[in-house]
Amino acid sequence: DVKVTQSSRYLVKRTGEKVFLECVQDMDHENMFWYRQDPGLGLRLIYFSYDVKMKEKGDIPEGYSVSREKKERFSLILESASTNQTSMYLCASGRVGIMNTEAFFGQGTRLTVV
Amino acid sequence: GENVEQHPSTLSVQEGDSAVIKCTYSDSASNYFPWYKQELGKRPQLIIDIRSNVGEKKDQRIAVTLNKTAKHFSLHITETQPEDSAVYFCAAPSNFGNEKLTFGTGTRLTIIP
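Residues numbered from 1 in each chain as written. Chains lettered and ligands numbered in written order. Predicted model: local features only at pLDDT ≥ 70, side-chain atom pairs only at ≥ 80, totals over all residues. Heavy atoms only, no water.

**Q** What should I look at first to understand the interface of chain A and chain B in this one?
**A** Where the parts come together, the accessible area they lose is often given as the size of the interface. Taken together, the contacts link 25 residues of chain A with 21 residues of chain B. Regarding the contact of chain A and chain B, the summed buried area is about 1900 Å², with carbon and sulfur atoms giving 54% of it. The interface formed by chain A and chain B includes 1 salt bridge. The tally of links between chain A and chain B comes to 5 residue pairs in polar contact (both at pLDDT 80 or more). Going through the elements one at a time, strand 4 (31-38), strand 5 (42-51) and strand 10 (103-105) of chain A are the ones with two or more residues in the side of chain A that touches chain B. Of the residues forming the side of chain A that touches chain B, the biggest block, 5 residues, is contributed by strand 5 of chain A. Residue classes in the side of chain A that touches chain B are distributed as 13 nonpolar, 9 polar and 3 charged. (Contact = heavy atoms within 4.5 Å. Buried area = accessible area lost by both parts, 1.4 Å probe. Salt bridge = Lys/Arg side-chain N within 4 Å of Asp/Glu carboxyl O. Polar contact = N/O pair within 3.5 Å; in protein donor to acceptor, adjacent residues only side chain to side chain. Helix = DSSP H or I, 4+ residues; strand = E, 2+ residues; numbered from the N terminus. Nonpolar A, V, L, I, M, F, W, Y, C, P; charged D, E, K, R; others polar.)

Next up, the structure:
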């Protein structure tokens, strides 16, 4: 069974804090993604990575950065959390590209910035 | 980059009737079109996908059609059941090696018993 695991289910942080969201996958997937999900806006891509140490901006990268030091781990960093970053964050992994296959999602982290 | 548009945003159908959700995409190089279902409080999961070398694919009550010329693809659910109530997302890959997976804004499907 494929597992994509996010480190926290719920987080509450203060404005201005540096926040780390961690994601680990156990299927040796090359591609990993971070999305945020907001009502009416669907799944919006923040950043993605197609290999270790490789990262590309998605559609809404402002205010975020990522790190991929190991193939199985992809971290999302909020450099200085703001209230408009309150959202559900979903990590996913898969084999996208020439051999497109299913993307598997983590259980999500609901982040509240107060 | 890829732009994926999905319609409608909400859809209510009587149990037993059919439901159709449509998506359009902008990147003509996209070659893979998955559909995901997200039940309340759960993570999105793949329900069906289609590759650009076929026009239609069926899996029991679910089918997906692809029109590459018009750059649109659709999800068809027949004989709908209460457990079909969920949010459905279409997606398409883009970027140089198709590594970027862009999702539509989602359709909330409600099946009325």
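Once the structure has been displayed, the description carries forward.
**Q** What is the right way to look at the state of the cysteines in this model?
**A** Between two cysteines, a covalent bond joining their sulfur atoms is known as a disulfide. Scanning the entire structure with this criterion turns up 2 disulfides over all chains. With its sulfur 1.9 Å from that of its partner, Cys23(A) forms a disulfide with Cys91(A). One quick way to see it: the torsion about the S-S bond of Cys23(A) and Cys91(A) is about -75°, and its sign makes the bridge left-handed. With a gap of 68 residues between them, Cys23(A) in strand 3 (residues 19-25) and Cys91(A) in strand 9 (residues 87-94) connect regions that are remote in the sequence. With respect to burial, Cys23(A) and Cys91(A) carry one shared label: buried. Each sulfur of the disulfide joining Cys23(B) and Cys90(B) lies 1.9 Å from the other. Its torsion about the S-S bond being -95°, the disulfide of Cys23(B) and Cys90(B) is classed as left-handed. Of this pair, Cys23(B) sits in strand 3 (residues 19-24) while Cys90(B) sits in strand 9 (residues 86-94); the two residues are 67 residues apart in sequence, bridging distant segments of the chain. The buried category is assigned to Cys23(B), whose relative accessible area is 0%. For Cys90(B), a relative accessible area of 0% gives the class buried. (Disulfide = S-S within 2.5 Å. Buried < 20%, exposed > 50% of the residue type's maximum accessible area, 1.4 Å probe, protein only.)

**Q** What am I meant to see in the pattern of salt bridges here?
**A** Should the charged atoms of two oppositely charged side chains come close, the side chains can pair. In total, this model carries 11 salt bridges over all chains according to the counting rule given. Between Lys71(A) and Asp28(A) there is a salt bridge, with its nearest N and O atoms 3.1 Å apart. With a gap of 43 residues between them, Lys71(A) in the loop between strand 7 (64-70) and strand 8 (73-78) and Asp28(A) in the loop between strand 3 and strand 4 connect regions that are remote in the sequence. Residue classification places Lys71(A) among the partly exposed residues on the basis of a relative accessible area of 25%. Residue class for Asp28(A) comes out partly exposed when judged on its relative accessible area of 46%. In this structure, Arg61(B) and Asp84(B) form a salt bridge, with 2.9 Å as the shortest nitrogen-oxygen distance. Pair noted here: Arg61(B) is in the loop between strand 6 (56-59) and strand 7 (62-67) and Asp84(B) is in the loop between strand 8 (72-77) and strand 9, with a separation of 23 residues, a long-range link. Linked by salt bridges that have partners in common, Arg36(A), Asp38(A) and Arg44(A) make up one network.

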